[in-house]
Every structure is written in structure tokens, then in C-alpha cells.
Amino acid sequence: NFIFDILVNTHLMREEGSTADVVLFIQMSFDSAADKLTGYDEITLKQMNVNIHYIPKNEGESIERLMMDKFRTLSLTDYDRVLYLDSDIRTRGSLDYLFELSLNGTLKENFAVAGANEPVTGSMFMLSPRDGDWDRVLEIIQDKEKREVGTTEPNQFDAGIGWGQAFKGDDSFVMSDGSEGNTWDFPGALSAQGLLYHWIKYEKKSASILLSDTIEHWGAGKDGKLNREK
């Protein structure tokens, strides 16, 4: 049914004037005899000018791997900005204004939305893909896995260093209800939410995060150090 969500979203956004390309990443189950969508589904999507990108089947498929595949948006380097949406999200109109606000400097290059229990949610976010970014994400994932080798418990996630950056001094994250935290122990910290927060804030040092009725901006100063901007 997610295909119907994508078709409806595409229609609603374009009806409201969106001129953005729509790119759909699809991974067929490893156990499926099919390598592609059915002819009807694929034809219908292409008639709506939805660009289909197939992710290779993976014998070790899991929900964790699937969450990490969200960052394949960083491989779309032909675009200045890419807005990721989970397939079960229903839009109410064009979201092109997010691209415009980022390109004119009102928002940073990367944009995310804080949740009630985590500093960013993984269901919708905007990234600025650059050459080498997807490979760098894979390196970060591999480095985390190497740190977990030899720990007392298999796949033990280090809530102190997270994805490679510990919270130091007055550094913290803010959630949508205004509460703060400074350890990598929030829901999804070891999954897409944690990696997304690390990527836009510590790796790229260019992040705008919608909290509730305010937006938090992070950027790098002339000395290259990360700063919370007003």
C-alpha cells in the first residue's frame, strides 16, 4: 500500500505547485522471486514521473539495515538538496519552500525535526548531498561497529561517544518539548535518528532543527568549531 501513499503525495505536492523531482528507493525482499515491482506498479509510478532507484537485495536484510538505507539520499549528488520522506507520510501540499529557505540561507544546508523523545526524527529530513558523503556515512557505521567489537555485550552501543562524538561542556540536544539531554541514550540513538543527528551537527556542522515553535541552528565559526547560532 505504500505505493498508493507515494502516488497520492506526489499528486498533492504537484497540485500545490511543487516542481521538485520525486525519487523512490525500493528494495525487494531477499526471499522474493521478483527483482522489480510489477509492471502495473512500475508503469503507474513512471506515468507520474517518479524516478525509481532499486536497492540491491541483501541476504542479511533487517530493519536496522533498512533504516541506514535512508542515507542513500546522499548518493543523489545531482541535487543541491534532497528531502527524505518515509513512504507512510502524507503531505498536505508542496514542501518546496524548505528547499527555498535552505538555499536562501534562512535554514542551514541540513534540516530535521525534533521529536518528543529524540533530538531528530528519521521520518522526514533534508540533506545536502556532496561527493563522498555516502561513502563517509558507511565509514561512520563501520567505525561504530569496530568500537563495539570486544565489548562485554554483543553490539553494545556506547551512549557516551555515540556515533563518534561525545557531548562535551554545555553541548546538549533539545527535544520538541524543550527538555534537554547530553548522552546518546534517546530512542533511536543507535539507529537512523542518532546517525542523522551526528551527521548534520558534528560531521557537516550545518543543521537547522525544528523544535516546536522555534528552530535551533548549528554552524561552524571561522575557527571551524561548532556553534549554536541565534
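Structural data are supplied above this passage.
Residues numbered from 1 in each chain as written. Predicted model: local features only at pLDDT ≥ 70, side-chain atom pairs only at ≥ 80, totals over all residues. Heavy atoms only, no water.

1. A word on the side chain of S172
- Residue placement: S172 occurs in the loop between α5 (133-148) and β6 (173-174).
- Judged by its relative accessible area of 7%, S172 is buried.
- A distance of 2.8 Å separates a polar atom in the side chain of S172 from a polar atom in the side chain of E180.
- When residues no more than four places from it in sequence are discounted, the contact partners of S172 are F167, E180, G181, N182, Y197, K201, W218 and R228. (Helix = DSSP H or I, 4+ residues; strand = E, 2+ residues; numbered from the N terminus. Buried < 20%, exposed > 50% of the residue type's maximum accessible area, 1.4 Å probe, protein only. Polar contact = N/O pair within 3.5 Å; in protein donor to acceptor, adjacent residues only side chain to side chain. Contact = heavy atoms within 4.5 Å.)

2. Focus: the side chain of D86
- As for its placement among the helices and strands, D86 is situated in the loop between β3 (82-85) and α4 (96-103).
- At 3.3 Å, the side chain of D86 forms a polar contact with the side chain of K70.
- A polar contact is formed between the side chain of D86 and the side chain of Y84, at a distance of 2.6 Å.
- Setting aside anything within four residues of it in sequence, one finds D86 in contact with K70, G122 and S123.

3. Quick look at the packing of aromatic side chains
- Overall, the coordinates contain 13 aromatic pairs when judged by the stated rule.
- Taken together, a centroid distance of 6.1 Å and an interplanar angle of 55° make the contact between F157 and W163 tilted. The pair F157 / W163 is uniform in exposure class, with both members buried.
- Ring centres of F167 and Y202 lie 6.1 Å apart, and the angle between their planes is 75°; this geometry places the pair in the edge-to-face category. With F167 in the loop between α5 and β6 and Y202 in helix α6 (residues 192-203), the pair connects residues that are 35 residues apart, well separated along the chain. Of the two residues examined, F167 and Y202, each falls in the buried class.
- Counting every residue linked through ring pairs, the aromatic cluster contains F167, F173, W184, F186, Y197 and Y202.
- Across from the ring centre of W163, 5.1 Å away, lies the NZ or CZ of K144, which sits over that ring. (Phe/Tyr/Trp six-rings, centres within 6.5 Å; stacked < 30°, edge-to-face > 60°. Lys NZ or Arg CZ within 6 Å of the ring centre and 35° of its normal.)

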